[in-house]
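Descriptive structure summary
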Amino acid sequence: MNIETSLLGVPITIRPTAFGAGVLSSLVVALLTREHRVLLSTAAGMLWYSADAAHVVGHIVSSQLVDAPMDGVDFGIYPMSVYLDHEVSPMQHIGRAAGGLTASLSATLVLAMLARMVPSAPAKQILTIAAAQNGLISLVSLLPIPMVDGGVIYANMRKLQH
Ligand SMILES: [Zn+2]
């Protein structure tokens, strides 16, 4: 029971497991909050997908900028970028991997600044949750493991040095 959709012209397959991340996010926030618990945990569940979407848009834009466009997104627990052409240059690999990271880091900074500027609950908490979600995605993306953006970037930076 997959859902087929598209974002900026890129086909996206949403698998049932995609709902897991939002539910988990919502549960974590429900456990960590007392006031406005229902509002904040519901917001957290939905906001998780906006953080995922920001990351994916970053990849779509950067992959087009380096002329090695993304072919699709396989959205399970997390949105995995699908590229059919693996014979691209190290700079193109780095470019298309770096877009997601750049988008998530930028979103984290902007949301954290907004959270500081907004004086009152629950808007402040909602912005803080959104910043934390984008921050978490940024951190995981930076990990130097294969398949993850960080791993792709490090591996291709090493290739460039040879
Ligand atoms: Zn990514």
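Notes on the structure in this doc start here. (Residues numbered from 1 in each chain as written. Predicted model: local features only at pLDDT ≥ 70, side-chain atom pairs only at ≥ 80, totals over all residues.)

A word on the sheet that holds strand β2 (residues 10-14)
So the rule is basically this: Here a strand pair is declared whenever DSSP counts at least two bridges between the two strands. Numbering of helices and strands runs from the N terminus, with a helix taken as a DSSP run of H or I at least four residues long and a strand as a DSSP run of E at least two residues long. Note on geometry: axes are C-alpha line fits, over the in-contact stretch for helices, and angles between N-to-C directions span 0 to 180 degrees.
If you trace the four strands from one edge of the open sheet to the other, you get β1-β2-β3-β4, paired in mixed fashion. The open sheet is flanked by β1 (3-7) and β4 (79-82), the only strands paired with a single partner. Adjacent strand axes in the sheet meet at a mean angle of 25°, parallel and antiparallel pairs treated alike. Across five bridges, β1 lies against β2 in antiparallel orientation. In the sheet register, L7 faces β2, and the bridge partner there is V10.

With respect to helix α1 (residues 18-32)
Stated precisely, the cut-off is as follows: The span one expects for a helix is its residue count, reduced by one, times 1.5 Å. Exposure is read from a count of other C-beta atoms within 10 Å of each residue's own; the residue is exposed at 12 or fewer, buried at 20 or more and partly exposed in between. C-beta atoms are placed from the backbone. Directions pointing from the helix axis toward each C-beta atom define the arc. Contacts are defined on C-beta atoms placed from the backbone: any two residues whose C-beta positions lie within 7 Å are in contact.
With 15 residues, α1 ought to run about 21 Å at 1.5 Å a step, and its terminal C-alpha atoms sit 23 Å apart, in line with that. Those residues of α1 lying buried are A18, A21, S25, S26 and V29. All buried residues of α1 lie within an arc of 130° about the axis, which places them on one face of the element. Turned more than 90 degrees off the buried face of α1, the exposed positions are V23 and L31. Residues of α1 that are buried sit in contact with β2, α2 (37-65), β3 (72-75) and α4 (123-142).

Concerning the packing of α2 against α4
Let me state the cut-off plainly: Put simply, angles under 35 degrees are roughly parallel, angles over 145 are roughly antiparallel, angles from 65 to 115 are roughly perpendicular, and the rest are oblique. Helix crossings fall into two classes, left-handed where the near helix is turned counterclockwise from the far one by less than a right angle and right-handed where it is turned clockwise. As a working rule, the residues Ala, Val, Leu, Ile, Met, Phe, Trp, Tyr, Cys and Pro are called nonpolar, Asp, Glu, Lys and Arg charged, and the rest polar, with Gly in that last group.
Viewed as axis vectors pointing N to C, α2 and α4 meet at an angle of 40°, and their least axial separation amounts to 9 Å. Viewed along their axes, α2 and α4 adopt a mutual orientation that is oblique. Handedness of the α2/α4 crossing: right-handed. Packed against α2, whose contacting residues are L40, A43, A44, L47, W48, A51, A54 and H55, the element α4 presents Q125, I126, I129, A130, Q133, N134 and I137 at the interface. Taken together, the residues of the contact of α2 with α4 sort by class into eleven nonpolar, four polar and no charged.

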